[in-house]
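Chain residues, written in single-letter form:
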Amino acid sequence: APELPTTSELADDKAERATSPSLSGQRASSLTSLSSRGRGKGNEKEVDHVVRILGKDFEDTALDERRDVLVLFHSKGCELCANFAVYYKRLALRFHELGYASSAGGSLVVGRMDLTNEAPPTLGSFAAQLKNLPGVLLLPAKDKHPPYRFYSGVSKVLEMMKWVELESSLSFAKRPLPPLAHLRDEEKPEYRRQVAEREASRRDAEEKALEAERREAERQAADKRRREAKAEAKAEAKAEENA
């Protein structure tokens, strides 16, 4: 079976620089499957905490009323799927580490279904709603009926985690997500440093823009005064000629 990229790829320059793909990419009918990523020698196989769901097991897993179920639909050869999977696996890892995921004893199943050789599930209006890949579906424990909830935002781990919290029935009822839930404690100082740097850079750019606007306004005012003085001198000279 094809593998999703590992969460360690979040540190890879290509993954970091990649734009967050919208979840309204290619049409599902034109896609084939999520490609695997190679690993160098010595790399340990990483546990990704994403449950692989087969078509024959989909209803038993997704319609379990004891679980909130999150499913990524992907397909081989879909570049957007491969890019998005990095963020999805990070989401699964953080839900596991925070104890919300079923892999850690929680009530949230974080799964994936490869549509390379399987048709999408036939649940009510589901097939009509799954128009593009990648597609992320949430089936809350207490609402397994259409219209189905598909994620439509950008591939930012924290935003996706907040959406899952908002739409779920059971997983976060007693314990909401903590601040900066997408980060481990040891990652937060660096994150805050980067945010502070970006904010400082933004303020510096705004100050420079304001200074440039001030100088341009002063230049235009000086030009106006020179034109007015020149026109006034010309009028006075003409008046003297006519005197």
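Student: I'm lost on unusual backbone geometry in this one. Help?
Tutor: It is generally the case that most residues other than glycine have a negative phi and that most peptide bonds are trans. Of the consecutive residues Leu133 and Pro134, the connecting peptide bond is found in the cis state with omega at 0°. Between Pro146 and the following residue, Pro147, the backbone shows a cis peptide bond with an omega angle of 0°. Here the phi dihedral of Leu180 falls at roughly 50°; this positive angle occurs in a residue that is not glycine. The class of Leu180 is buried, set by a relative accessible area of 18%.

Student: What am I meant to see in a negative patch on the surface here?
Tutor: On the surface, a cluster of negative charge is made up of Glu228, Glu232, Glu236, Glu240 and Glu241. Checked against the element boundaries, Glu240 lands in helix α6 (residues 188–242). Judged by its relative accessible area of 63%, Glu240 falls in the exposed class.

Student: Help me out: how do you make sense of the packing of helix α3 (residues 79–97) against helix α5 (residues 157–167) in this one?
Tutor: For any two helices packed against each other, one specifies the inter-axial angle together with the distance between the axes. Between α3 and α5, the shortest axis-to-axis distance is 9 Å and the interhelical angle comes to 55°. In terms of orientation, α3 lies oblique with respect to α5. Considering only the axes of α3 and α5, their crossing is right-handed. Residues Phe84, Tyr87, Tyr88, Arg90, Leu91, Arg94 and Phe95 of α3 form the contact with α5, whose participating residues are Val157, Met160, Met161 and Val164. Broken down by class, the residue content of the contact of α3 with α5 amounts to nine nonpolar, no polar and two charged.

Student: Explain the sheet that holds strand β4 (residues 108–114) to me, please; I cannot follow it from the model alone.
Tutor: Here we have five strands laid out as an open sheet, ordered β2-β4-β3-β6-β7, and mixed in their pairing. Looking at which strands have only one partner, the edges of the open sheet turn out to be β2 (51–52) and β7 (149–150). The pairing of strand β3 (residues 68–74) with strand β6 (residues 135–139) spans five bridges and is antiparallel. Each bridged residue has a counterpart across the sheet, and for Val71 the counterpart in β6 is Leu137. Against the sheet, α5 makes contact with β3, β4, β6 and β7, and its axis sits at roughly 30° relative to β6, the strand it touches most.

Student: Which parts of the structure should I look at to understand the packing of aromatic side chains?
Tutor: If you walk through the whole model with that rule in mind, you get six aromatic pairs. On the numbers, 6.2 Å between centres and 85° between planes, the contact of Phe95 with Tyr100 is edge-to-face. Tyr100 gets classed as buried once you look at its relative accessible area, which sits at 2%. Members of the aromatic cluster, joined through ring pairs, are Phe95, Tyr100 and Phe172. Of note, Arg175 hangs over the ring of Tyr100, and the distance from its end group to the ring centre comes to 4.2 Å.

Student: Sorry, what's going on with the pairing of β3 here?
Tutor: Successive side chains on a regular strand alternate, one facing one side of the sheet and the next facing the other. Burial analysis of β3 places seven of its seven residues in the buried class, which makes it a mostly covered element. Side chains Asp68, Leu70, Leu72 and His74 project from β3 onto one buried face, and the interleaved Val69, Val71 and Phe73 project onto a second face that is buried too. Sheet analysis places β3 next to β4, joined by seven bridges and oriented parallel. Along β4, the bridge assignment pairs His74 with Asp114. Regarding the hand of the β-α-β motif, the stretch spanning β3, α3 and β4 is right-handed.

Thresholds applied
- Residues numbered from 1 in each chain as written.
- Predicted model: local features only at pLDDT ≥ 70, side-chain atom pairs only at ≥ 80, totals over all residues.
- Heavy atoms only, no water.
- Buried < 20%, exposed > 50% of the residue type's maximum accessible area, 1.4 Å probe, protein only.
- Patch = residues over 30% accessible without salt bridge, like charges linked within 9 Å, V, L, I, M, F, W, Y side chains within 5 Å.
- Areas by Shrake-Rupley, 256 points an atom, 1.4 Å probe, with all protein chains shown as cover.
- Salt bridge = Lys/Arg side-chain N within 4 Å of Asp/Glu carboxyl O.
- Lys, Arg positive; Asp, Glu negative; His and termini not counted.
- Charge placed at Lys NZ, Arg CZ, Asp CG, Glu CD.
- Helix = DSSP H or I, 4+ residues; strand = E, 2+ residues; numbered from the N terminus.
- Axes fitted to C-alpha atoms, helices over the stretch in contact; angles between N-to-C directions.
- Parallel < 35°, antiparallel > 145°, perpendicular 65-115°, else oblique.
- Left-handed = near helix turned anticlockwise from the far one by under 90°.
- Contact = heavy atoms within 4.5 Å.
- Nonpolar A, V, L, I, M, F, W, Y, C, P; charged D, E, K, R; others polar.
- Pairing = 2+ DSSP bridges.
- Phe/Tyr/Trp six-rings, centres within 6.5 Å; stacked < 30°, edge-to-face > 60°.
- Lys NZ or Arg CZ within 6 Å of the ring centre and 35° of its normal.
- Right-handed = clockwise from strand over helix to strand, strands pointing away.

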